[in-house]
Amino acid sequence: MPPPSPAAATSNAPAPPLPDYLVDTYHWAYLNRRLLPWLDRQAVVNAILWGNADQLIRAACAEFEPGQRILQAACVYGVFSPVLARRLGPGGRLEVVDVSRLQVANARRKLRGLPQARVRRADLVRPLGTTHDGVLAFFLLHEVPPGQRRAIVDNLLAAVEPGGKAVFVDYHRPARWHPLGPLMHLVFRLFEPYAPSLLDQAIHELSPRAEAFTWSRRTCFGGLYQVVVARHRGTKANQDGGERSNGHSPESTNAPSVHPAAAPAARLPACVR
Ligand SMILES: C[S@@+](CC[C@H](N)C(=O)[O-])C[C@H]1O[C@@H](n2cnc3c(N)ncnc32)[C@H](O)[C@@H]1O
């Protein structure tokens, strides 16, 4: 029997209801069939991110290696998912999870021809029930109210296998001098009511599971964006009851494990490695 269509994995699980915050706040952005073709353009994503989209996508994708099995938490407009799927290559696996039927269908369309990618419908506020080499949330957390945000971060960290990585790319409080500060304040007030609660919130404080990870954060574009990387301090061997390690990468093995609360926010000129 031929394998199922690459980006159209099906599930017997009942379809999850849409979260209230999505329906109430973001219906126009993610649930409106007519607006979708206008919004799902790389030029639009790049304009919303003040020309930083390509850099941020590169920074996120560079955290993962060809051949890895990565979970992308929520669909993203523009080229993000195809770029990540290509980065993982035919030997890797990209699983995209989103709660919106419209977004799932749209992502499957964009991932056609990339058999390493699957898209399924699920609410990330609920435990995922799968584990991966890495998980990634690209501008998801600022669109989620604080309670659900905690649950999502907790579920994503739970889905990272020992030695794996969680990557969060999102807004961050810009520097006081930032010329776009007042405008972003207005944008958040008008369109992104949950974003301000993320700006001063360290992501590692959102889940007790953070203790099992070594955290680092870098910001760019005057602090408006952050790339947060959490490396699971275990190793694959741990899972099998083997040798324990303080970290899976050379950096984290050599360095003492940084307590999340003590991890400094490194400031880089650009979010690119
Ligand atoms: C990743 S976020 C924002 C991405 C970014 N603004 C962009 O460029 O598209 C948008 C997606 O999150 C999804 N989403 C929001 N809450 C979710 C949840 N609890 N579970 C799964 N998907 C969720 C929405 O359906 C939507 O497709």
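Residues numbered from 1 in each chain as written. Predicted model: local features only at pLDDT ≥ 70, side-chain atom pairs only at ≥ 80, totals over all residues.

Scanning the protein for helices and strands turns up 11 helices and 8 strands. Within the protein, buried positions represent 39% of all 273 residues. Partitioning the intrachain contacts of the protein with sequence separation of at least 6 by distance along the chain shows that 72% fall at a separation of at least 24. (Helix = DSSP H or I, 4+ residues; strand = E, 2+ residues; numbered from the N terminus. Buried ≥ 20, exposed ≤ 12 C-beta atoms within 10 Å, placed from the backbone. Contact = placed C-beta atoms within 7 Å.)

On to the site of the ligand, then. Lining the immediate environment of the ligand, one finds 20 residues, of which Ala74, Tyr77, Val99, Ser100 and Leu124 sit closest. Taken together, the residues that form the shell around the ligand break down as 15 nonpolar, 2 polar and 3 charged. (Near = placed C-beta within 6 Å. Nonpolar A, V, L, I, M, F, W, Y, C, P; charged D, E, K, R; others polar.)

Membership of the largest hydrophobic core comes to 66 residues, with the highest contact counts inside it found for Ala60, Ala73, Ala137, Phe138, Leu156 and Ala166. When residues of this core are assigned to their parent elements, the largest contribution, 6 residues, is made by strand 5 (residues 160-171). Setting aside residues up to four positions removed in sequence, Ala73 forms contacts with Val97, Leu124, Val135, Leu136, Ala137, Leu140, Ile152 and Leu156. (Core = buried A, V, L, I, M, F, W, Y, C linked by C-beta atoms within 7 Å.)

Take the environment of Val153 next. Inspection of the secondary structure puts Val153 in helix 7 (residues 146-158). Remark: the alpha-carbon pair of Val153 and Glu205, spanning 52 residues in sequence, is separated by 9.7 Å. Among all residues touching Val153, those that are not within four sequence positions of it are Ile203, Leu206 and Ser207.

With that settled, consider the pairing of strand 2 (residues 93-98). Taken across its 6 residues, strand 2 has 5 buried, putting it largely inside the fold. Note on the crossover from strand 1 (residues 69-73) through helix 5 (residues 80-88) to strand 2: the handedness is right-handed. As defined by bridge partners, strand 2 adjoins strand 3 (residues 117-121) across 5 bridges and the pair is classed as parallel. Bridge pairing links Leu94 to Ala117 in strand 3. (Right-handed = clockwise from strand over helix to strand, strands pointing away. Pairing = 2+ DSSP bridges.)

Our next topic: the confidence of the model for the protein. Do not read the predicted coordinates in detail wherever pLDDT is low. Overall, the predicted model of the protein reaches an average pLDDT of 87, with 82% of residues at or above 70. Long-range and interchain partners of residues 268-273, a stretch whose pLDDT sits below 50, account for 16 contacts in this model, where long-range means more than four residues apart. (pLDDT = per-residue confidence, 0-100.)

Attention now goes to helix 7. In a regular helix each residue adds 1.5 Å, so 13 residues correspond to 18 Å; helix 7 covers 18 Å between its end C-alpha atoms and thus fits that length. Those residues of helix 7 lying buried are Arg149, Ile152, Val153, Asn155, Leu156 and Leu157. Where helix 7 is buried, its residues touch strand 1, strand 4 (132-138), strand 5, strand 6 (213-220) and strand 7 (225-232). (Expected span 1.5 Å × (residues − 1).)

Take the pairing of strand 5 next. For strand 5, the buried fraction is high: 10 of the 12 residues fall into the buried class. Two elements, strand 4 and strand 5, share 6 bridges in a ladder whose sense is parallel. Directly across from Val135, in strand 5, lies its bridge partner Ala166. For the crossover from strand 4 across helix 7 to strand 5, the handedness is right-handed.

Notably, Ala74 is not glycine yet its phi reads approximately 85°, a positive angle. In this structure Ala74 comes out as buried when scored by C-beta crowding, with 22 C-beta atoms within 10 Å. One non-glycine residue, Phe139, lies in positive phi territory at about 55°. In this structure, Phe139 sits in the loop between strand 4 and helix 7. For Phe139, a count of 22 C-beta atoms within 10 Å puts it in the buried group.

If you trace the backbone, His132 turns up in strand 4. The residues touching His132, leaving out its near neighbours within four places in the chain, are Arg69, Ile70, Leu71, Ala159, Val160, Glu161 and Gly164.

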